[in-house]
Amino acid sequence: MGSVEWSTHAVEMAADHVVKRFSGEDIGRAEREWRALRLLAAHAPGLAPEPWKADLATAGSTVVMSRLDGVPLRGCVLGDEQVRALAEAASGLYAAVPAATLREVPVRPGQQQDLIAHINAWAVSARPKSVGPVALAMDRGLEWLARSGLNADGALDVPPVFGPGDGNLANYLWDGSRVRVVDFEDSGRSDRAFELAEITEHVGSWVEHPLDVPSFLAHFELTASESARLEDCRRLLALVWLFLLNFDNQNARNPPGTAERQADRFMNLLA
């Protein structure tokens, strides 16, 4: 059995199953993972791993699931077939959970208000240390956010969907004919515009071989409200990534200049 570690969990991979071991006493991530796998097994079988068993009662919770075949889309050149399959997988996720059931699913973490709170904190702690095009883009982003209306509380004028909670293309596996999805520890109730922005603005969708965003989004028939919200959500997620990648400059997890490239991308979204 192979093992890979992330900051929130460790993954042990066997021939036919995967074990996720979550760190610390916060079992929320494990609970969300287990709930998502069970919901998807019931309402969209085959789209995600099958839930085998879980231990959610103690620190160091575990979730055991079937292992899916496939190549992660991150870092791959995506042709029309893969883009279509990615869109089909995303659509399948969003539509999987019936409305009555979805109402009982908590809102996913890392949604709009959570991100705004992070940005406001970073504006105080990180912005004064930033320079050049990154600093300029941060300033423009903070000005946009202040007038965007996203800070206001209230019900969204868009239908709720099930959101996987992570737009990293590494979680979308291409098996030669379809895309299936893993990693649901931040899943929950969301909306299509926010979840699509999670995918299009994730650093993994552009830092190597860029996702054809117009082609991808063309597969979704969005309402007028969703289309307007998608523009705001893309800017919001891109601003979050601008701060994150500026922090990352000190850790070199991405190629040199990635934060500056993100600054250019963000300014284009504001144009």
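Whatever comes next refers back to the structure up there.
Predicted model only: the values in this text are computed from it and were never measured. (Residues numbered from 1 in each chain as written. Predicted model: local features only at pLDDT ≥ 70, side-chain atom pairs only at ≥ 80, totals over all residues. Heavy atoms only, no water.)

Topic: the overall build of the protein chain
What the protein chain contains, in helices and strands, is nine helices and 10 strands. A compact globule built from 271 residues should have a C-alpha radius of gyration of about 18 Å, and the protein chain, at 19 Å, falls within 12% of that. Of all 271 residues assigned to the protein chain, the portion counted as buried reaches 49%. Across the protein chain, every contact between residues at least 6 apart in sequence was considered, and the portion connecting residues at least 24 apart equals 74%. Positive and negative side-chain charges in the protein chain, numbering 26 and 37 respectively, have mean positions lying 1 Å apart. (Helix = DSSP H or I, 4+ residues; strand = E, 2+ residues; numbered from the N terminus. Rg over C-alpha atoms; globule rule 2.2 N^0.38 Å. Buried < 20%, exposed > 50% of the residue type's maximum accessible area, 1.4 Å probe, protein only. Contact = heavy atoms within 4.5 Å. Lys, Arg positive; Asp, Glu negative; His and termini not counted. Charge placed at Lys NZ, Arg CZ, Asp CG, Glu CD.)

So, the nonpolar core
Most often, soluble globular proteins keep nonpolar side chains buried together rather than apart. Core analysis: the largest hydrophobic core is formed by 75 residues, its most contacted members being Tyr 172, Phe 184 and Phe 216. Tallying contributions element by element places helix H8 (residues 224–248) first for this core, with 11 residues. Contact partners of Phe 184, with chain neighbours within four places excluded, come to Arg 32, Glu 33, Ala 36, Leu 37, Leu 40, Ala 48, Pro 49, Leu 93, Phe 162 and Pro 164. (Core = buried A, V, L, I, M, F, W, Y, C linked by side-chain atoms within 4.5 Å.)

Some points on the sheet that holds strand S6 (residues 71–72)
In a beta sheet, neighbouring strands are held together by backbone hydrogen bonds and run either parallel or antiparallel to one another. The three strands are arranged S6-S8-S9 in an open sheet whose pairing can be described as antiparallel. A single partner strand is all that each edge strand has here, and the edge strands are S6 and strand S9 (179–181). The pairing of S6 with strand S8 (residues 172–174) spans two bridges and is classified as antiparallel. The residue of S8 that forms the bridge with Pro 72 is Leu 173. (Pairing = 2+ DSSP bridges.)

Some points on the side chain of Arg 234
Residue position: Arg 234 is located in helix H8. In contact with Arg 234, not counting residues within four places along its chain, are Ala 197, Thr 200, Glu 201, Val 213, Leu 217 and Leu 269.

Some points on the packing of H8 against helix H9 (residues 258–270)
Packed helix pairs are specified by the crossing angle of their axes together with the interaxial distance, meaning the distance between the axes. Relative orientation of the contacting elements H8 and H9 amounts to 160°, with a least axis distance of 9 Å. Put simply, H8 runs roughly antiparallel to H9. When the axes of H8 and H9 are compared, the crossing they make is left-handed. Between H8, through Arg 234, Arg 235, Ala 238, Leu 239, Trp 241, Leu 242, Leu 245 and Asn 246, and H9, the contact on the second element is made entirely by Thr 258, Ala 259, Gln 262, Ala 263, Phe 266, Leu 269 and Leu 270. Residue composition of the contact of H8 with H9, by class: 10 nonpolar, three polar and two charged. (Axes fitted to C-alpha atoms, helices over the stretch in contact; angles between N-to-C directions. Parallel < 35°, antiparallel > 145°, perpendicular 65-115°, else oblique. Left-handed = near helix turned anticlockwise from the far one by under 90°. Nonpolar A, V, L, I, M, F, W, Y, C, P; charged D, E, K, R; others polar.)

What to know about the pattern of salt bridges
The final tally for this structure, using the stated rule, is 19 salt bridges. Across the pair Asp 183 and Lys 20 runs a salt bridge whose closest N-O atoms are separated by 3.4 Å. One end of the pair, Asp 183, is in the loop between S9 and strand S10 (188–191); the other, Lys 20, is in strand S3 (residues 17–22), with 163 residues separating them in the sequence. Judged by its relative accessible area of 18%, Asp 183 is buried. Take Lys 20: its relative accessible area is 5%, and that puts it in the buried class. Residues Glu 231 and Arg 235 are paired through a salt bridge, measuring 3.3 Å at the closest nitrogen-oxygen approach. In this pair, Glu 231 and Arg 235 are both assigned in helix H8, four residues apart and thus about one turn of the helix distant. Overall, Arg 235 belongs to the buried group, its relative accessible area being 11%. When salt bridges that share partners are traced, they join Lys 20, Arg 29, Arg 32, Glu 33, Asp 183, Glu 185 and Asp 186 into one network. (Salt bridge = Lys/Arg side-chain N within 4 Å of Asp/Glu carboxyl O.)

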